[in-house]
Protein chains: 2
Amino acid sequence: MAAVRIDSTVMDRLAEITGRDNLDTTHRGRWNAVGGASYLDYVRQRAGDCSGVPDAVIAPARHDEVQAVIEECSRVGVPIVPQGGGTSVVGGLRCDRPHIAISTSRMHAVLDIDDVAGLVRVESGITGPILEAILAPRGLTLGHLPQSWQRASIGGYLATRSAGQASTGYGRSDDMVESLLVATPAGPLSAGHIPSSAAGPDLLQLVIGSEGAFGVITEASLRVRRLPAASRYEAWIFPDFDAGREAFRELAQSRITADVMRLSDAQETATSLLMSAPGGLMGAALTAYLRRRGVTSGEGALTILGWEAVDSDMVKSRRGAAVEVLRRHGAVLLGKRPGESWQRHRFDGPHLRDALMDAGYLVETVETSTTWSNLARLRTAIHHALDHSLTSSVTRPYVMTHISHVYETGASLYTTVIAVADQTDPVGQWTAAKAAVSDAISSGGGTITHHHAIGRDHARWLPDEIGALGVATLNAVKSSLDPAGICNPGVLGLT
Amino acid sequence: MAAVRIDSTVMDRLAEITGRDNLDTTHRGRWNAVGGASYLDYVRQRAGDCSGVPDAVIAPARHDEVQAVIEECSRVGVPIVPQGGGTSVVGGLRCDRPHIAISTSRMHAVLDIDDVAGLVRVESGITGPILEAILAPRGLTLGHLPQSWQRASIGGYLATRSAGQASTGYGRSDDMVESLLVATPAGPLSAGHIPSSAAGPDLLQLVIGSEGAFGVITEASLRVRRLPAASRYEAWIFPDFDAGREAFRELAQSRITADVMRLSDAQETATSLLMSAPGGLMGAALTAYLRRRGVTSGEGALTILGWEAVDSDMVKSRRGAAVEVLRRHGAVLLGKRPGESWQRHRFDGPHLRDALMDAGYLVETVETSTTWSNLARLRTAIHHALDHSLTSSVTRPYVMTHISHVYETGASLYTTVIAVADQTDPVGQWTAAKAAVSDAISSGGGTITHHHAIGRDHARWLPDEIGALGVATLNAVKSSLDPAGICNPGVLGLT
């Protein structure tokens, strides 16, 4: 690992702000703060690749200290990268210039709870599990469950505009935040109107998704809900993906959505059923059962639906309205067991990836959203691009997709690809495939990211999506809030 | 009226873009384009006050012509003011510098309807009634019903971040737009992601509410819904405003809201009942009926609830869940007649104001939103400020308030004030009262506007709400998109 490249007088001044104990320049501390959780991050970590490692990790105790650190770094022109849970999958934390990582690990206080309004103000370093543990005894929940939930910070949710597994019911991170405090080089920026306002452009939605390019989110006021006293998770199977998609569209457009709604294509359905316990779903009895109800083995589309509510009557009435739609589109109930099994194992994906990588596989995901009218076409384009770019003379990739977030006008697509890793150049192999599939998404009417953010990995495709003038607008905001260009340079393609 | 103050060579070039017929410099055309629909606008119009009148009104036929007009005006430094329905109540259209009004009156085409996604792309000059008339035969509706519905344009909705009477059910204008095209001096800006995205800061929400300060909205893609086949409007009365407020909070936080939800305080309730037909609601029989059910005359809080859905079962089940909450908070059903009467007369307010002004009264409204926990306190502060500033030696003002938009974390407050007009200085009288009540709102934890926008009248209070750095951020965006500062100078306090 390279030596610390930042002037010692700067380091001394930073240490004065936070105390020397909270400025870590050890190899271990710096190594732990690099990268993120993408396939390429894992490949690089396994190879001991130190590129992008910060020169130091500073851990301020509160907003004022973050503000002082940023102003000092701006004065001397030293880049900073915010560090929450470290779970970016888009290169949001990998900065090639000498830089300081500002860790929010010491900022995990709940500052205020307003039970009447249902608002909780927190420091940005708090994680989902800790916040939920504090809220639960008061009968409250945030209900935001990204796959990175066990590690990600609230500040990270908001900086990346994340969505969670229950976002169809609880809203995306950008729906559940009412106001933010951001430490920027130009001073503290407070953004957000409670609960709704027509006071000009919405600066809150300008700061959300800014990925540290304008500064570091230090505090957030979040809308919380009453902890559900009743819930029901269950699985159904549709004759095929198209039937399920049409049912999901009707549920969304009739506003009788469940809180969790997932629909797997035939490929993912086959995998899910295969991975169930022996003697489980794939038994001959099940196949016969489904065939009698019009679902042909190999075409069926598994769906997981979860309702949560303050009482079981409400779960029952919401479910009742949905079931009528499900049956009309040919769905067959598989029961609660597979739904509850999904709920139990829903954070296991990353661990499974480790095991597959150990066995020599490339495993990665891509995601997007588009309108209902374009959804089937875009899914096909994504599968083709991955098939084409990852097929070798010997093997073809396994590609599978699900819908996990529905809106009135469209839905997300989340695609997992598994291929035999190119052992000589795993980085080059995925970089080429990623470019191909991103081109397919961008030219196929999808957003380059529905909930993973832009980071550095998607920056190439952002101008296609928001136009040159959109990029110029972001640059104008950045120049105003971060005139020295020190805030996470490179994310969003801004420097 | 002053002569046209803009150079004739500029006028000739503008006429080349749109044709001479679409560049109006007549007194009548210019007079019709000034001002808006606030009390002060009406006072000035009645006095024949020409201040703020445009030097010409140009009516381009489509986006490209608007773009060309704006670029020409930017080149020569002539300010422009977008002109939709002309219903601003915050001085959004009153520009004291020589300027051109860009009317969107010729831009009323529906460009595309996507029935599957539920999206309709329109030119920005289309009004609600015309759009609804085009959508209805296809079984679709936008469902946006601001009080200015009969005249306001879609572009105006979005430029001012408007809310409608059914926004609790259908969403505010900022919820129902998926993308926008804006003609700016720096070029066409296309903003918006369909249907949801994590691709960086949300530029769509930066353009919504920009009130023409960055350019002219020319096209919009809007989310539409299936036309409701069933609806039910009805009135209830709560023992008092606090009981109704708590019921509304529970409905919002349990997510069993009606599509229209209005709750009047005792003052507004008394007025509504008094204004009903003779022998109607205020009869002795009603008073006795209510007293038996615990509602004391003079304290009761009238509520209007409206449900709309694709079938009557859905109306029934949504209403059923709400009724349980209403009754638990002491509400008594008044029946469908007053609900349907409200629905029939809901656009009559402005006409009533004309009659009251003829009779020598000041009539104006102020509006805000705040959290549930702050709502009662803020309502009291608003009433005190208006009482104090409009009480003369002879009379006191009549002040009454309702909630008309509810959110999980809070609600709007909409206050109407009627006072004897100061015939010698009506402008000074309201200007002082408006300042007092705006100070009370701003220091009392409310937003300076929940759905009327900032314009010029609220610009003084915007820095309190978004901070100096927020204003600097808006200025940075404006400098980038409108470097010559020609776009509606003065709105949002930007120049």
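Residues numbered from 1 in each chain as written. Chains lettered and ligands numbered in written order. Predicted model: local features only at pLDDT ≥ 70, side-chain atom pairs only at ≥ 80, totals over all residues. Heavy atoms only, no water.

Considerations on the overall build of chain A
Line of reasoning, step 1. On a plain count of helices and strands, chain A comes out with 18 helices and 18 strands.
Line of reasoning, step 2. Relative to a compact globule of 495 residues, whose C-alpha radius of gyration would be 23 Å, chain A shows 23 Å and is just as compact.
Line of reasoning, step 3. When its C-alpha atoms are laid out on the principal axes, chain A stretches across 75 × 60 × 45 Å.
Line of reasoning, step 4. Relative to its full complement of 495 residues, chain A shows a buried share of 61%. (Helix = DSSP H or I, 4+ residues; strand = E, 2+ residues; numbered from the N terminus. Rg over C-alpha atoms; globule rule 2.2 N^0.38 Å. Buried < 20%, exposed > 50% of the residue type's maximum accessible area, 1.4 Å probe, protein only.)

Things to note about the nonpolar core
Line of reasoning, step 1. Judged by nonpolar contacts, the single largest core of 124 residues is most densely connected at L180 and L222 of chain A together with L180 and L222 of chain B.
Line of reasoning, step 2. When near neighbours in sequence (up to four residues on either side) are disregarded, L180 of chain B contacts L158, L189, S190, A191, L204, V207, I208, I217, E219 and A220 of chain B.
Line of reasoning, step 3. With 104 residues, the next largest nonpolar core counts Y42 and M261 of chain A together with M261 and V366 of chain B among its residues. (Core = buried A, V, L, I, M, F, W, Y, C linked by side-chain atoms within 4.5 Å. Contact = heavy atoms within 4.5 Å.)

A short note on the packing of helix α3 (residues 39–46) of chain B against helix α15 (residues 349–358) of chain B
Residues and elements named next belong to chain B.
Line of reasoning, step 1. It is at 12 Å that the axes of α3 and α15 come closest, and there the two elements cross at 55°. With respect to α15, the axis of α3 lies oblique. In this structure, α3 crosses over α15, and the sense of that crossing is right-handed. Each of Y39, Y42, V43 and R46 in α3 lies in contact with α15, whose residues at this interface are R353, D354, M357 and D358.
Line of reasoning, step 2. Looking at the contact of α3 with α15, its residues break down into 4 nonpolar, no polar and 4 charged. (Axes fitted to C-alpha atoms, helices over the stretch in contact; angles between N-to-C directions. Parallel < 35°, antiparallel > 145°, perpendicular 65-115°, else oblique. Left-handed = near helix turned anticlockwise from the far one by under 90°. Nonpolar A, V, L, I, M, F, W, Y, C, P; charged D, E, K, R; others polar.)

What about the sheet that holds strand β18 (residues 410–420) of chain A?
All names here are of chain A.
Line of reasoning, step 1. Strand order in the open sheet formed by 7 strands is β15-β12-β14-β13-β17-β18-β16, and the pairing between neighbours is antiparallel. Here the strands that pair on one side only, and so sit at the sheet edges, are β15 (332–335) and β16 (361–371). Geometrically, the sheet is characterised by an average inter-axis angle of 25° between neighbouring strands, direction not taken into account.
Line of reasoning, step 2. Pairing of strand β13 (residues 260–264) with strand β14 (residues 301–309) involves 4 bridges; the strand directions are antiparallel. (Pairing = 2+ DSSP bridges.)

A look at helix α17 (residues 426–443) of chain B
All names here are of chain B.
Line of reasoning, step 1. Helix length check: α17, at 18 residues, gives a terminal C-alpha distance of 26 Å against a target of 26 Å (1.5 Å per residue), a fit within 8%.
Line of reasoning, step 2. The complete set of buried residues in α17 reads P426, Q429, W430, A433, K434, A435, V437, S438, A440 and I441.
Line of reasoning, step 3. Summarising the contacts, the buried residues of α17 are in contact with α3, β16 (361–371), α16 (375–390) and β18 (410–420).
Line of reasoning, step 4. In the segment just after α17, G445 is the residue with positive phi, at about 90°. (Expected span 1.5 Å × (residues − 1).)

What about the relation of the copies chain A and chain B?
Line of reasoning, step 1. Rotating chain A by 180° about the axis while translating it 0.0 Å along that axis superimposes it on chain B, leaving an RMSD of 0.0 Å. When the rotation and shift are considered jointly, the pair of chain copies conforms to a two-fold rotation axis.
Line of reasoning, step 2. Interface overlap between copies: 100% of the residues of chain A at the interface are likewise at the interface in chain B, consistent with a symmetric, same-surface contact. (Least-squares fit on C-alpha atoms with pLDDT ≥ 70 in both.)

Points about the pattern of salt bridges
Residue and element names in this part refer to chain A.
Line of reasoning, step 1. Enumeration according to the criterion identifies 53 salt bridges over all chains in this entry.
Line of reasoning, step 2. With its nearest N and O atoms 2.9 Å apart, the salt bridge here joins R46 to D358. Note that R46 is positioned in helix α3 (residues 39–46) and D358 in helix α15 (residues 349–358), a separation of 312 residues in sequence.
Line of reasoning, step 3. Here R46 falls in the partly exposed class, since its relative accessible area comes to 44%.
Line of reasoning, step 4. Here D358 falls in the exposed class, since its relative accessible area comes to 59%. (Salt bridge = Lys/Arg side-chain N within 4 Å of Asp/Glu carboxyl O.)

Considering the state of the cysteines
Defined simply, a disulfide is a covalent bond joining two cysteines at their sulfur atoms.
Residue and element names in this part refer to chain A.
Line of reasoning, step 1. Applying the stated rule across the entire model yields 0 disulfides over all chains.
Line of reasoning, step 2. Free cysteine: C487, not disulfide-bonded; nearest cysteine sulfur from C73 at 9.0 Å.
Line of reasoning, step 3. Since its relative accessible area comes to 0%, C487 is described here as buried. (Disulfide = S-S within 2.5 Å.)

Considerations on the confidence of the model for chain A
Residues and elements named next belong to chain A.
Line of reasoning, step 1. On average, residues of chain A score 93 in pLDDT, and 97% of them are at 70 or above.
Line of reasoning, step 2. Considering only residues more than four positions removed or in separate chains, one finds that residues 277–281, a stretch of pLDDT under 50, has 4 contacts.
Line of reasoning, step 3. Across the predicted assembly, pTM comes out at 0.95 and ipTM at 0.94. (pLDDT = per-residue confidence, 0-100.)

Considering unusual backbone geometry
Line of reasoning, step 1. Despite not being glycine, E211 of chain A shows a phi value in the positive range, around 55°.
Line of reasoning, step 2. As for its position among the elements, E211 of chain A is in the loop between α9 (203–207) and β10 (216–223).

Some remarks on the interface of chain A and chain B
Line of reasoning, step 1. In this complex, chain A contributes 76 residues to the contact, which on the side of chain B involves 76 residues.
Line of reasoning, step 2. Both faces considered, chain A and chain B share a buried interface measuring about 5400 Å² in area, 60% of it formed by carbon and sulfur atoms.
Line of reasoning, step 3. One can count 4 salt bridges joining chain A with chain B.
Line of reasoning, step 4. Between chain A and chain B we count 34 residue pairs in polar contact (both at pLDDT 80 or more) in total.
Line of reasoning, step 5. Contributing elements (two or more residues each) for the side of chain A that touches chain B: β8 (177–184), β9 (187–191), α9, β11 (225–226), α10 (241–253), β16, β18 and α18 (462–481) of chain A.
Line of reasoning, step 6. Among the residues making up the side of chain A that touches chain B, the classes are represented as 32 nonpolar, 29 polar and 15 charged. (Buried area = accessible area lost by both parts, 1.4 Å probe. Polar contact = N/O pair within 3.5 Å; in protein donor to acceptor, adjacent residues only side chain to side chain.)

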